[in-house]
Amino acid sequence: MLDVALVSLIQDMSEKAGVDGTIQYWQRVGENLARRIGKEAYMGWPSFNVALREGRTGFSIEGDVTPLTDLAITDVDGDVVGYIYALKQCVFVPTILRVRYSVGELPRADRAVAEEYNNSVHDIAVCNFCVIHEKFREEVAKNITIAGQHLESLLLATRGFTGETKISERNLKKLGINPEHVRSLLRNYECVYAIMMKGAKLKGA
Amino acid sequence: MAAEPARDRLIESNPFVDVATHLFLEDIADKQGASGLNNYLMSLATNLAKSMPEEEYDTWDEFLEALKSGNSILTTFEEVFMPTKNCVVTRRSPFERGWQEYVKRVGSFSRIHEEVAEYYNSAVKPTAINSLHIIHQTFRAAASDRITVGGKRVKYAQVATVWTDGEKKIVPDEWLPVLLQKAGISRTELNMLLRNNADVWLLYTE
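For the rest of this paragraph, the subject is the overall build of chain A. The number of helices and strands found in chain A is seven helices and seven strands. When the helices and strands of chain A are placed in sequence order, the string is α-β-α-β-β-α-α-α-β-β-β-α-α-β. Taken against the 2.2 N^0.38 rule, which gives 17 Å for 205 residues, the C-alpha radius of gyration of chain A at 17 Å falls within 12% of a compact globule. The dimensions of chain A, computed from C-alpha atoms along their principal axes, are 50 × 35 × 30 Å.

Right under this line is the structure:
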């Protein structure tokens, strides 16, 4: 109910504070959530990936995250510095359905917020909720260390409720990953992102 | 209007948004205090109700059918049963899952959620245990206002609230006899309902 109430507020908020105001609001919501979840530390990538599978990390509040352990990110020395992760279903899809069947339709501002975010921040949003997700993950990553090193999260690709897809050329370039590789992941997943050691020197990037 | 079949219910919440929102509400309270948060919660709930379509029913029985099947905006987010024609009982708070996720991932529910309820109880009506009841009860009042039965507007009154941890809030003793009479239940029946349900409320027309 709270999620549907917040969605109903988007239209009003966007009319009063502008779509950029709504973007800032969602970013603060994501940031606040991540900050309050607190810090975590892991011995290495295997223990982090197990914690993620078992729903014990800050990232787990988004639902079942799949660590794609066959898709390791390596640095210039060939050491594993991160992995690709994916959500089969975006945590907001049930909310979108709840809005559809309680209010009738998503507010027009949903599209407007996503478009503004794509133009001004990062061309990756397929709906207004992607704004919270990206900020939330970036902030959660800062609170986690693996073998004493801080993490960073990069949003790579998204598939929306209506089938629209977005692939982040900017972030894929950083990782040196072929966009077609990520596109194939979107057949089975709605949101694909990378978690890696902050400041790692990447091969081919 | 002919009765619609019930669809799959929309009761489950979104824990990600619920937890994020609780924390955001705490942030608002830090800046604007309990009264500012109370205003925000009430406008959030009113806004939601106003974004939903109005309803009209020819008879009370037709309205009851829509309530029970979840086809009315009033019961979109909660599963109810009706021991009498005017008394409505919510089995489980729609906010329960979000609260459980909060205590699991963040820790004890912040005290501000009770403080804002204390403000609401003194300034609006004494029926809330925490911030979520302000949203829920304001929504019910605003949603009822969008429904007519036989041309008359539906009125809502909260009788009692029970939170997930078992804490209860019943309307003041001086209000109770009138509300129980309208609901068509006795004080003992109310206590029986409060044992394993989340809310007891009342719908009527004048």
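Let us keep going from here.
The helix and strand inventory of chain B stands at seven helices and eight strands. Taking 206 residues into account, the globule formula puts the C-alpha radius of gyration at 17 Å, and chain B, at 17 Å, falls close to it. Referenced to the eigenvectors of the C-alpha coordinate spread, the extents of chain B come out at roughly 45 × 35 × 25 Å. Residues counted as buried form 57% of the 206 residues belonging to chain B. For chain B, long-range pairs separated by at least 24 residues make up 66% of all intrachain contacts whose partners lie at least 6 apart in sequence. Surface summary for chain B: the accessible area is close to 8800 Å², and the carbon and sulfur share equals 47%. Computing the positive centroid from 23 side-chain charges and the negative centroid from 29, chain B places the two 1 Å apart.

Moving on, we get to the sheet that holds strand S4 (residues 147-149) of chain B. Residue and element names in this part refer to chain B. Read from one edge to the other, the open sheet built from three strands follows the order S1-S4-S5, with strand pairing classed as mixed. Edge strands, defined here as strands with exactly one partner in the open sheet, are strand S1 (55-57) and strand S5 (152-153). As defined by bridge partners, S4 adjoins S5 across two bridges and the pair is classed as antiparallel. Bridging across to S5, Thr148 finds its partner in Arg153.

This part covers empty space enclosed by the protein. Residue and element names in this part refer to chain A. All chains considered together, the criterion is met by two cavities of 30 Å³ or more. The volume enclosed by the largest cavity comes to roughly 90 Å³. Contributing to the lining of the largest cavity are 14 residues, with Cys90, Val126, Cys127, Arg159 and Gly160 lying nearest its centre. Listed by contribution, the elements that provide at least two residues to the lining of the largest cavity are helix H3 (93-102), helix H5 (130-142) and strand S5 (149-159). Its residues placed into classes, the lining of the largest cavity shows nine nonpolar, three polar and two charged. In this structure, the second largest cavity occupies an estimated 30 Å³ of space. In this structure, the second largest cavity is lined by Glu134, Arg137, Glu138, Ser153, Leu154 and Leu155. Secondary structure elements with two or more residues in the lining of the second largest cavity: H5 and S5. For the lining of the second largest cavity, the residue count by class is two nonpolar, one polar and three charged.

Here the focus is the sheet that holds strand S7 (residues 168-170) of chain B. All names here are of chain B. Taken in spatial order, the five strands make up an open sheet running S2-S3-S8-S6-S7, and their pairing is antiparallel. If you trace the sheet from one side to the other, it starts and ends with strand S2 (80-81) and S7, each paired once. By the bridge criterion, four bridges tie strand S3 (residues 87-90) to strand S8 (residues 199-204) in an arrangement that is antiparallel. Each bridged residue has a counterpart across the sheet, and for Cys87 the counterpart in S8 is Leu202. The strands touched by helix H7 (residues 187-195) within the sheet are S2, S3, strand S6 (155-162), S7 and S8, with S7 carrying the most contacts at an inclination of about 150°.

The rules behind the values
- Along every chain, residues carry numbers that run from 1 in the direction the sequence is written.
- Think of it this way: whatever chain is written first is A, whatever ligand is written first is 1, and the rest follow in order.
- A pLDDT threshold of at least 70 governs which residues receive local features in this predicted model, and a stricter bar of 80 or more applies before side-chain atom pairs are shown or counted, although totals over entire chains, interfaces and linings include all residues.
- In computing side-chain values, all of the structure's heavy atoms are included and hydrogens and water are not.
- The numbering of helices and of strands both runs from the N terminus, where a helix is a DSSP run of H or I of at least 4 residues and a strand a run of E of at least 2.
- Atoms counted for the radius of gyration: C-alpha only. Globule rule: 2.2 Å times residue count to the power 0.38.
- Summary of the burial criterion: residues with accessible area below 20% of their type's maximum are buried, those above 50% are exposed, and those between are partly exposed, where the area comes from a 1.4 Å probe applied to protein chains only.
- Contacts: residue pairs with any heavy atoms within 4.5 Å of one another.
- Computed with a 1.4 Å probe, the accessible areas rest on the Shrake-Rupley method; for each residue, only the protein chains presented here act as cover.
- By the counting rule applied here, Lys and Arg register as positive and Asp and Glu as negative, while His and the ends of each chain are not counted.
- Charged side chains are reduced to one point each, which is NZ for Lys, CZ for Arg, CG for Asp and CD for Glu.
- Paired strands, as defined in this entry, are two strands with at least two bridges between them according to DSSP.
- Points on a 1 Å grid, built from protein atoms alone, make a cavity when a 1.4 Å probe fits but cannot get out and make a pocket when they are open with protein on both sides within 12 Å along at least 5 of 7 lines; residues with an atom within 4 Å of a point are the lining residues.
- Grid points are joined across faces, edges and corners, and a volume is the space filled by probe spheres set on the points.
- Residue classes follow a fixed rule: Ala, Val, Leu, Ile, Met, Phe, Trp, Tyr, Cys and Pro count as nonpolar, while Asp, Glu, Lys and Arg count as charged, and any other residue, Gly among them, counts as polar.
- To get an axis, fit a line to the C-alpha atoms, keeping to the stretch in contact for a helix; angles then go from 0 to 180 degrees between the N-to-C directions.

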